[in-house]
Amino acid sequence: MAHSQNSLELPVNINATQITTAYGHRALPKLKEELQSEDLQTRQKALMALCDLMHDPECIYKAMNIGCMENLKALLKDSNSMVRIKTTEVLYITASHSVGRYAFLEHDIVLALSFLLNDPSPVCRGNLYKAYMQLVQVPRGAQEIISKGLISSLVWKLQVEVEEEEFQEFILDTLVLCLQEDATEALGSNVVLVLKQKLLSANQNIRSKAARALLNVSISREGKKQVCHFDVIPILVHLLKDPVEHVKSNAAGALMFATVITEGKYAALEAQAIGPLLELLHSPMTIARLNATKALTMLAEAPEGRKALQTHVPTFRAMEVETYEKPQVAEALQRAARIAISVIEFKP
């Protein structure tokens, strides 16, 4: 005779991690209450629901107005790793929207997140790096990270090589835009030596981003001096022959700034930079051609560079009359070519 028996397992279409959210305008206030719950599972489920809702900028705005950001700040200190992981995920999603970046600045989220830089969970740290990377897309975000004194910590994270390559890329993306604002703290944290090491990476994205960061470091005079002092220029010249166009373009950009000073000019000439820079004038990337033209102009200011480039004036004259689809591109390249010709043909 058959016997009926109830299963102890949940039905297959029931998600145990999903919380039943309130409908409409009550959804966020209810989740705010659940974020403060003493029950661990309730907090976790509320955070998972928020991860879905915060993709909508309107929800971010409402969450900010009812005080959810302060609750999220408090949860960054939670003893449960899953709570910290989902909290940083919510914040990363929030930072990907302009209204969310404003919330970061308004509620001082940057500093609160920084205490998780050494969190034992790699997922948590990855979300943190992505949040910072999104935040610096606006100048105020980069300035906030600089003002909190976090640049040296990010540089150290690159230096110790404890992070996987994907995380190193996030850090470099963040540093690139912060260095564009102010490189002072970074220069005091051995950033040039760290980036020099990254230029030798087998990962093409890391090489490219490191060269881009060096470009921004070299804007200041102190940055130029450190690039020369730590023998970075020969590596940049070597990268002009890299198989990846973005790497070559960023290397030429870094050389463009580093060769402004006399020491940089002669370091590049000694490393035989003229040949690969001339080849880069035929790159399919406009920015690579522009960077190479300006770097060659810097080298032409030295008598030895001017002499070596005399026979290549026709190349620059061809660029001067070349037509381009975009008027802005044409103007920039033609102006750079004209300047290069005037420097090369200068007779003291």
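Since the model is a prediction, treat every value here as computed from it, not as a measurement.

J.: I would appreciate a short explanation of the nonpolar core in the present structure.
T.: Soluble globular proteins: nonpolar side chains tend toward being buried together. Membership of the largest hydrophobic core comes to 120 residues, with the highest contact counts inside it found for Phe-104, Leu-113, Ile-145, Leu-199, Leu-214 and Leu-277. Once residues within four sequence positions are removed from consideration, Leu-199 is found in contact with Arg-207, Ala-210, Ala-211, Leu-214, Val-232, Ile-235, Leu-236 and Leu-239.

J.: Even after reading the chapter, I still don't get helix α18 (residues 262–270), so can you show me in this structure?
T.: An α-helical segment advances 3.6 residues per turn. Residues three or four places apart therefore align on the same side. For α18, the set of buried residues is Gly-264, Lys-265, Ala-268 and Leu-269. Taken end-on, α18 shows its buried residues confined to a sector of 130 degrees, consistent with a single buried face. Seen from the open side of α18, the exposed residues pointing more than 90 degrees away from its buried face are Thr-262 and Glu-270. Residues of α18 that are buried in the fold lie against α15 (221–229), α16 (233–239), α17 (245–258), α19 (274–280), α20 (286–300) and α21 (303–309). Among the residues trailing α18, Gln-272 stands out with phi positive, at a value near 60 degrees.

J.: Any chance you could explain the side chain of Thr-94 here in plain terms?
T.: Along the chain, Thr-94 turns up in helix α5 (residues 81–95). With near-sequence residues (within four places) excluded, Thr-94 lies in contact with Met-54, Ile-60, Met-69, Gly-100, Arg-101 and Phe-104.

J.: Just checking my understanding: could you explain the pattern of salt bridges for this structure?
T.: A pair can form between side chains of opposite charge whenever their charged atoms are brought close. One pass over the full model with this rule turns up 16 salt bridges. Asp-78 is the partner of Arg-43 in a salt bridge, and the nearest nitrogen-oxygen pair spans 3.2 Å. In this pair, Arg-43 is assigned in helix α2 (residues 40–53) and Asp-78 in the loop between α4 (68–75) and α5, connecting sequence segments 35 residues apart. Since its relative accessible area comes to 11%, Arg-43 is described here as buried. Through salt bridges that share partners, Asp-108, Glu-144 and Lys-148 make up one connected network.

J.: So what exactly am I meant to see when it comes to the environment of Ser-81 here?
T.: Note that Ser-81 resides in helix α5. Sequence separation between Ser-81 and Leu-277 is 196 residues, and the spatial gap between their C-alpha atoms is 50 Å.

J.: For this particular structure, what's the right way to read the confidence of the model for the chain?
T.: Reading fine detail from the predicted coordinates is not recommended where pLDDT is low. Mean pLDDT over the chain stands at 90; residues scoring 70 or higher make up 92%. Confidence drops under a pLDDT of 50 for residues 13–20, and excluding neighbours within four residues, the segment shows 11 contacts in the predicted structure.

J.: Before we go on, may I ask you to explain the packing of helix α1 (residues 27–35) against α2 in this structure?
T.: Two elements in contact, α1 and α2, have axes whose closest approach is 8 Å; the angle formed by their N-to-C orientations is 145 degrees. As α1 packs across α2, the resulting crossing turns out to be left-handed. Counted together, Leu-28, Leu-31, Glu-34 and Leu-35 of α1 and Thr-42, Arg-43, Ala-46, Leu-47, Ala-49, Leu-50 and Leu-53 of α2 form the full contact between these two elements. For the contact of α1 with α2, the residue count by class is eight nonpolar, one polar and two charged.

J.: Explanation requested: the side chain of Arg-101 in the structure shown.
T.: Summarising the element assignment, Arg-101 is placed in helix α6 (residues 98–106). For the buried Arg-101, no salt bridge exists, and the shortest N-O distance to an oppositely charged side chain is 13 Å, to Asp-173. The contacts of Arg-101, once residues within four sequence positions are left out, are Thr-94, Ala-95, Ser-96, Gln-134, Leu-135, Gln-137 and Val-138.

J.: Any chance you could explain unusual backbone geometry here in plain terms?
T.: Notably, Asp-108 is not glycine yet its phi reads approximately 55 degrees, a positive angle. Tracing the chain through its elements places Asp-108 in the loop between α6 and α7 (109–114). Assessed through its relative accessible area of 26%, Asp-108 is described here as partly exposed.

J.: I tried to follow the packing of helix α3 (residues 57–65) against α6 on my own but got confused; where do I start?
T.: When two helices pack together, their arrangement is given by the angle between their axes and by how far apart the axes lie. At a minimum axis distance of 8 Å, the contact between α3 and α6 shows a crossing angle of 25 degrees. Considering the angle they form, α3 stands roughly parallel to α6. The two elements α3 and α6 meet at a crossing, and its hand is left-handed. Of α6, the residues touching α3 (which contributes Pro-57, Ile-60, Tyr-61 and Met-64) are Val-99, Gly-100, Tyr-102 and Ala-103. Counted by class, the contact of α3 with α6 contains seven nonpolar, one polar and no charged residues.

J.: Teacher, can you tell me more about the packing of aromatic side chains here?
T.: Evaluated as defined, the whole model comprises two aromatic pairs. Grouped by ring-pair contacts, the aromatic residues Tyr-129, Phe-167 and Phe-170 constitute a single cluster.

J.: Sorry if this is basic, but what is going on with the environment of His-238 here?
T.: Its place among the elements puts His-238 in helix α16. On a C-alpha basis, the gap between His-238 and Lys-248 in space is 9.1 Å, while along the polypeptide they are 10 residues apart.

J.: Explanation requested: α5 in the structure shown.
T.: Here α5 spans 21 Å end to end across 15 residues, near enough to the 21 Å set by a 1.5 Å rise per residue. When you tally the buried positions in α5, you get 11 out of 15 residues, the bulk of the element. Those residues of α5 not exposed but buried are Val-83, Arg-84, Ile-85, Lys-86, Thr-87, Thr-88, Val-90, Leu-91, Ile-93, Thr-94 and Ala-95. Buried residues in α5 make contact with α2, α3, α4, α6, α7 and α8 (122–135). Capping the start of α5 is the job of one residue whose side-chain oxygen sits 3.0 Å from the backbone nitrogen of Met-82: Asn-80.

Calculation notes
Residues numbered from 1 in each chain as written. Predicted model: local features only at pLDDT ≥ 70, side-chain atom pairs only at ≥ 80, totals over all residues. Heavy atoms only, no water. Core = buried A, V, L, I, M, F, W, Y, C linked by side-chain atoms within 4.5 Å. Buried < 20%, exposed > 50% of the residue type's maximum accessible area, 1.4 Å probe, protein only. Contact = heavy atoms within 4.5 Å. Helix = DSSP H or I, 4+ residues; strand = E, 2+ residues; numbered from the N terminus. Arc of directions from axis to C-beta. Salt bridge = Lys/Arg side-chain N within 4 Å of Asp/Glu carboxyl O. pLDDT = per-residue confidence, 0-100. Axes fitted to C-alpha atoms, helices over the stretch in contact; angles between N-to-C directions. Left-handed = near helix turned anticlockwise from the far one by under 90°. Nonpolar A, V, L, I, M, F, W, Y, C, P; charged D, E, K, R; others polar. Lys, Arg positive; Asp, Glu negative; His and termini not counted. Parallel < 35°, antiparallel > 145°, perpendicular 65-115°, else oblique. Phe/Tyr/Trp six-rings, centres within 6.5 Å; stacked < 30°, edge-to-face > 60°. Expected span 1.5 Å × (residues − 1). Polar contact = N/O pair within 3.5 Å; in protein donor to acceptor, adjacent residues only side chain to side chain.

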